[in-house]
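Examining the three-dimensional arrangement
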Amino acid sequence: MKNIRLTIDKITGNSFLVLTLLSTVTVVLIGVGLYYKSLPILQNSSLSSLLLSAEWKPFKSSFGFLAYIAGTLWVTAIAIIIALPISLLTAIYLSEYAHVKVKKVLLPPIDLLSGIPPVIYGVWGVLVIVPFVQEKLAIHFVEFSSGYSTLAGGIVLAIMIIPLIISILLEVFNTVPDGLREASLSVGATQWETIKHVVLKKSLPGILAAVVLAVSRAFGETIAVLMVCGNISEIPHSIFDPCYPLPALIANNYGEMLSVPMYESALMLAAFILFVIIFLFNTISRIILYRLEGRMN
Amino acid sequence: MKRKLEEQFFKLLMILCTLSISGVLIMILWTITSKGAGSLTWDIVSKIPEGGFYIGKGGGILNAIIGSIYITIGATVFGLLISIPVVLYINVYAKKNSWLATTTRLTSDILFGLPSIVYGAFGFTIMIYFGLKTSLLAGTITVTLLVIPILVRAMDEVFRVVPEDIGNAVYSLGGTRWETSKILIRQCVPGIITAILLSFGRAIGDAACVLFTAGYTDSIPTSLDQPTATLPLAIFFQLSSPIEEVQNRAYAAALILTIIVLVISFTAKYFSKKLSKNKI
């Protein structure tokens, strides 16, 4: 009887170890798989010409990613500029000022917002944000904008990343010891001064990590942005111009890519570029957060 | 005086920001409901597309609803089969804060951060490698990869805070690690349910993963190698149609998906509340 119990323990231990290792190796497999698929185009043309050319003509085998990279950067920048101040102020309020009862009312909407699927954000963006940009904003600045623009993509994306930034910031503020706050208050600082000079200062690495995580989330968001940003492969000159981010490029062309030589490989390279950037950003910011929470030895 | 004024100013700004977030949520739900409710008929949820569906003729999106449910349930079951052992290994079998446990947690955080379009592209790569076509199977495998890190992270959070005394009590009675695991699983049931619901919510709403791998079809799949329609793609494709009836059906589909996700969210809330009550 005793032997059977020990054998079961050993078998489960070993098989669980294998599964754990497998789940960890997945991240390497994804990288290798995408790299392997993008090899043909990398052998065909140099990386710098791919990244720095804006000419995208799959039928002539010229694949320049510049317009798409520019589109991604624009949309992400707009999203962060809108989302960061709002999330920072909300997180400070919820963590430093709000009473427990107030928190109980205000936290659930943020959770719900993070659970809404991207495609729903897209529908809402088409119905509300696109007309808003076209009718209320663009007419004051440019002659014509369809509303399907970099700005619309940025606004929708900002709302999608706000819950993510807030939840990380709340965790970060939580790691600041209460003793520090009390010390500052006891020497006569107001609560706002304590926040400015103690809490925010102490949380700076964590805030940075939150921003980096939000940037990488924004880089990869596909469907919602694709639905509102216009998808014209030109480098946008103003925020009212349409743009075409990398994930949208991949998603929009998956059907026809098999029929044109190198096309599939070019799109897989786009996915590989996204993977590399987001992998690096995530690794750096998670390590910062682990250090803050004392989970790294 | 200036100090107080500054504080008052920022406090007001903070309250405005916090309220505006709830405002945006209400606005999104209102837009989706008011647009979708008018077109939401019994036909839409109970019929598959009939001839001429995409030029505004009869039928519904039952194919997409069923397809989404198939993929979501399949992915969550496969995901659990992998993630429960992983969580048990890093919390029970491995030494506390061992190198492997930390690395696994870090990796699942990183995998959690990867966008679904990358999973979609990778799923597509595997699919081509094994000679599969866009199908229920390929879609399920890809979504499984997407939900594993969600499940691991959510369950790990619960297992990590179980008091060590419970494990020690089992060990002191001569129990093995496997027997300890069984006790801990029972202790963490509400947390596991919350994790399942989280993964459900994410899997059912994801479009970029299934776009490459599950394909789209007007019929309900009857075997694993058939293409499968999904709700998010049904919304996406119908919204891009120029015909008004088809667009209206996209709004109805969006309302259906929103209701499903909200029900899942509220159920998850209920179980996580239960969890904090049971805490020792």
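Residues numbered from 1 in each chain as written. Chains lettered and ligands numbered in written order. Predicted model: local features only at pLDDT ≥ 70, side-chain atom pairs only at ≥ 80, totals over all residues.

**Considering the overall build of chain B**
The helix and strand inventory of chain B stands at 12 helices and zero strands. In chain B, the order of α-helices and β-strands from amino to carboxyl end is α-α-α-α-α-α-α-α-α-α-α-α. Within the span of chain B, comprising 280 residues, buried residues form 49% of the whole. Intrachain contacts of chain B at a sequence separation of at least 6 include 74% that bridge at least 24 residues. (Helix = DSSP H or I, 4+ residues; strand = E, 2+ residues; numbered from the N terminus. Buried ≥ 20, exposed ≤ 12 C-beta atoms within 10 Å, placed from the backbone. Contact = placed C-beta atoms within 7 Å.)

**Structural notes on the overall build of chain A**
From N to C terminus, chain A includes 11 helices and two strands. Traced from its N-terminal end to its C-terminal end, chain A shows the element sequence α-α-β-β-α-α-α-α-α-α-α-α-α. The proportion of buried residues among the 297 residues of chain A is 46%.

**Re the confidence of the model for chain B**
In this model, chain B carries a mean pLDDT of 89, and residues with pLDDT of at least 70 account for 98%. Of the two predicted TM-score estimates for the complex, the pTM is 0.92 and the ipTM is 0.91. (pLDDT = per-residue confidence, 0-100.)

**A closer look at the domain arrangement of chain B**
Residue and element names in this part refer to chain B. Domain boundaries assigned for chain B yield domain 1 (2-37) and domain 2 (53-278). Between domain 1 and domain 2, the C-alpha centre-to-centre distance is 31 Å. Within the side of domain 1 that touches domain 2, the residues separate by chemical class into two nonpolar, two polar and one charged. (Domains from an automatic or database assignment. Nonpolar A, V, L, I, M, F, W, Y, C, P; charged D, E, K, R; others polar.)

**What to know about the interface of chain A and chain B**
Counting from both sides, the interface comprises 70 residues of chain A and, opposite them, 67 residues of chain B. If you list the elements that add at least two residues to the side of chain A that touches chain B, you get helix H1 (2-44), helix H3 (66-97), helix H4 (100-115), helix H5 (118-137), helix H6 (150-174), helix H8 (191-220), helix H10 (246-252) and helix H11 (263-293) of chain A. Per element, the largest residue contribution to the side of chain A that touches chain B is 19 residues, and it comes from H1(A). Of the residues in the side of chain A that touches chain B, the class split is 46 nonpolar, 18 polar and six charged.

**Thoughts on the environment of Ala169(B)**
All names here are of chain B. Assignment of secondary structure puts Ala 169 in helix H7 (residues 164-172). A count of 13 C-beta atoms within 10 Å places Ala 169 in the partly exposed class. Taking the C-alpha atoms as reference, Ala 169 lies 25 Å from Thr 102; in sequence the two are 67 residues apart.

**Concerning the packing of H4(A) against helix H1 (residues 2-37) of chain B**
Relative to each other, H4(A) and H1(B) sit at 50°, their axes nearing to 9 Å. Classified by the angle their axes make, H4(A) and H1(B) are oblique. Where H4(A) crosses over H1(B), the two elements pack in a sense that is left-handed. Contact residues: Leu106(A), Pro109(A), Ile110(A), Leu112(A) and Leu113(A) in H4(A); Thr18(B), Ile21(B), Ser22(B) and Leu25(B) in H1(B). Along the lines of polarity and charge, the residues of the contact of H4(A) with H1(B) split into seven nonpolar, two polar and no charged. (Axes fitted to C-alpha atoms, helices over the stretch in contact; angles between N-to-C directions. Parallel < 35°, antiparallel > 145°, perpendicular 65-115°, else oblique. Left-handed = near helix turned anticlockwise from the far one by under 90°.)

**Digging into the environment of Ile168(A)**
All names here are of chain A. With respect to the helices and strands, the residue Ile 168 is situated in helix H6. Spatially, the C-alpha atom of Ile 168 lies 9.2 Å from that of Leu 213, the residues being 45 residues apart in sequence. Beyond its immediate chain neighbours, meaning those up to four positions away, Ile 168 contacts Ala 210 and Leu 213.

**Overview of unusual backbone geometry**
In the Ramachandran plot, Asn231(A) falls in the positive-phi region, its phi being about 55° despite a non-glycine side chain. The topology assignment puts Asn231(A) in the loop between helix H9 (223-228) and H10.

**Comments concerning helix H3 (residues 62-93) of chain B**
Residues and elements named next belong to chain B. With 32 residues, H3 extends 45 Å from end C-alpha to end C-alpha; this agrees with the ideal 46 Å at 1.5 Å per step. Taken as a whole, H3 carries its principal kink of about 30° at Leu 80. Burial runs high along H3: 23 of the 32 residues are buried. (Expected span 1.5 Å × (residues − 1). Bend = angle between axes of the 7 residues up to and from the residue.)

**Quick notes on the environment of Tyr70(B)**
Residue and element names in this part refer to chain B. Turning to its location among the elements, Tyr 70 is positioned in helix H3. When the C-alpha atoms of Tyr 70 and Thr 41 are compared, they prove to be 23 Å apart, with 29 residues separating the residues in sequence. Contact partners of Tyr 70, with chain neighbours within four places excluded, come to Leu 136, Pro 221 and Thr 228.

**Side note on the nonpolar core**
Val156(A), Ile161(A), Ala214(A), Ala270(A), Ala271(A), Ile235(B) and Ala253(B) are the most contacted members of the largest nonpolar core, which totals 180 residues. The biggest single contributor to this core is H6(A), with 17 residues. Each of domain 1 (2-37) and domain 2 (53-278) of chain B contributes no fewer than three residues to this core. (Core = buried A, V, L, I, M, F, W, Y, C linked by C-beta atoms within 7 Å.)

**Digging into the packing of H11(A) against helix H4 (residues 99-113) of chain B**
With their axes 9 Å apart at the nearest point, H11(A) and H4(B) run at an angle of 135° to one another. Judged by the angle between their axes, H11(A) and H4(B) are oblique. You can see that H11(A) and H4(B) cross each other, and the crossing is right-handed. On H4(B), the residues touching Ile278(A), Phe279(A), Asn282(A), Thr283(A), Arg286(A) and Tyr290(A) of H11(A) are Leu106(B), Asp109(B), Ile110(B) and Gly113(B). Along the lines of polarity and charge, the residues of the contact of H11(A) with H4(B) split into five nonpolar, three polar and two charged.

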